Amino acid sequence: EADIYQTPRYLVIGTGKKITLECSQTMGHDKMYWYQQDPGMELHLIHYSYGVNSTEKGDLSSESTVSRIRTEHFPLTLESARPSHTSQYLCASSDHGAGELFFGEGSRLTVL
Amino acid sequence: KNQVEQSPQSLIILEGKNCTLQCNYTVSPFSNLRWYKQDTGRGPVSLTIMTFSENTKSNGRYTATLDADTKQSSLHITASQLSDSASYICVVSDRGSTLGRLYFGRGTQLTVWP
């Protein structure tokens, strides 16, 4: 069982609100990722981090931002949510050498 | 263009039956291929990961095969159970960077009926 946790699991908010999706892992992994997944579609990488104070944008353009102040914590923030941000957000981490991805349970965001 | 294609898109089988899911990829250079199981509303969970030199790998009732020459992989599920109902995702990693970029398929949605 992977030790990576996401909160909240479900969130329904109104347009224009600021939200932060939390992701924490207790495995000491250097690499962490945020993916966006819509029903029936493949996962798209929106942010990743090699370690503390390292963040990069992924393949899919996203208006969200991330930070990596601590190894175990990789939160994602949307300053002003819009209905187009409605999606499932999955956080993952991997060991530097092994490459296997461990996913959290996901945060399903609905913006009205 | 690096791609991962999975077939079928969806599949319904009866409990106890076997099934095989397919994954074709064009990713190059190739590093490894992974199969994940994703239950509805949950995060993906790793089933197998295979490198270039591995032809087959088993994890309980799940057996994955890899033909790196034809760039094809399959996931065989034996004696299916209701709990096997999920989306099965094929993911291919390249060697193009230290990060090992991942290419995701759209998944095969498997439904097991009693």
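In this text, all values refer to a predicted model and were calculated from it rather than measured experimentally. (Residues numbered from 1 in each chain as written. Chains lettered and ligands numbered in written order. Predicted model: local features only at pLDDT ≥ 70, side-chain atom pairs only at ≥ 80, totals over all residues. Heavy atoms only, no water.)

Outline the sheet that holds strand S7 (residues 62-67) of chain B, listing residues and values.
Backbone hydrogen bonds hold the strands of a sheet together, and the pairing may be parallel or antiparallel. All names here are of chain B. Taken in spatial order, the five strands line up as S1-S3-S8-S7-S6 in an open sheet, and their pairing is antiparallel. Each edge of the sheet is formed by a strand with only one pairing partner; in this case those strands are strand S1 (4-7) and strand S6 (56-59). Each strand of the sheet is rotated relative to its neighbour by a mean of 15 degrees, with strand direction disregarded. As judged from the four bridges shared by S1 and strand S3 (residues 19-25), these two strands associate in the antiparallel manner. The partner of Ser7 across the bridge, within S3, is Gln22. (Pairing = 2+ DSSP bridges. Helix = DSSP H or I, 4+ residues; strand = E, 2+ residues; numbered from the N terminus. Axes fitted to C-alpha atoms, helices over the stretch in contact; angles between N-to-C directions.)

Describe the interface of chain A and chain B, with residues and values.
With 20 residues of chain A at the contact, the number on the chain B side is 16 residues. Together, the buried faces of chain A and chain B total about 1,600 Å²; carbon and sulfur atoms form 50% of this surface. Area buried by chain A at its contact with chain B is led by Glu42(A), Phe103(A) and Glu105(A), which between them contribute 26% of it. The interface formed by chain A and chain B holds three salt bridges in total. Residue Arg106(B) pairs with Glu42(A) through a salt bridge whose shortest N-O separation is 3.0 Å. Contributions of two or more residues to the side of chain A that touches chain B are made by strand S4 (31-37), strand S5 (44-51), strand S9 (87-94) and strand S10 (101-103) of chain A. Class assignment for the residues of the side of chain A that touches chain B results in nine nonpolar, five polar and six charged. (Contact = heavy atoms within 4.5 Å. Buried area = accessible area lost by both parts, 1.4 Å probe. Salt bridge = Lys/Arg side-chain N within 4 Å of Asp/Glu carboxyl O. Nonpolar A, V, L, I, M, F, W, Y, C, P; charged D, E, K, R; others polar.)

Report on the state of the cysteines, specifying residues and quantitative values.
If you walk through the whole model with that rule in mind, you get two disulfides over all chains. Across the disulfide, Cys23(A) is cross-linked to Cys91(A) (sulfur-sulfur distance 1.9 Å). Its torsion about the S-S bond being -75 degrees, the disulfide of Cys23(A) and Cys91(A) is classed as left-handed. On the criterion of sequence distance, the pair formed by Cys23(A) in strand S3 (residues 19-25) and Cys91(A) in strand S9 is long-range, its members being 68 residues apart. By the burial criterion, Cys23(A) is buried, and Cys91(A) matches it. What pairs with Cys23(B) in a disulfide is Cys90(B), and their sulfur atoms sit 2.0 Å apart. (Disulfide = S-S within 2.5 Å. Buried < 20%, exposed > 50% of the residue type's maximum accessible area, 1.4 Å probe, protein only.)

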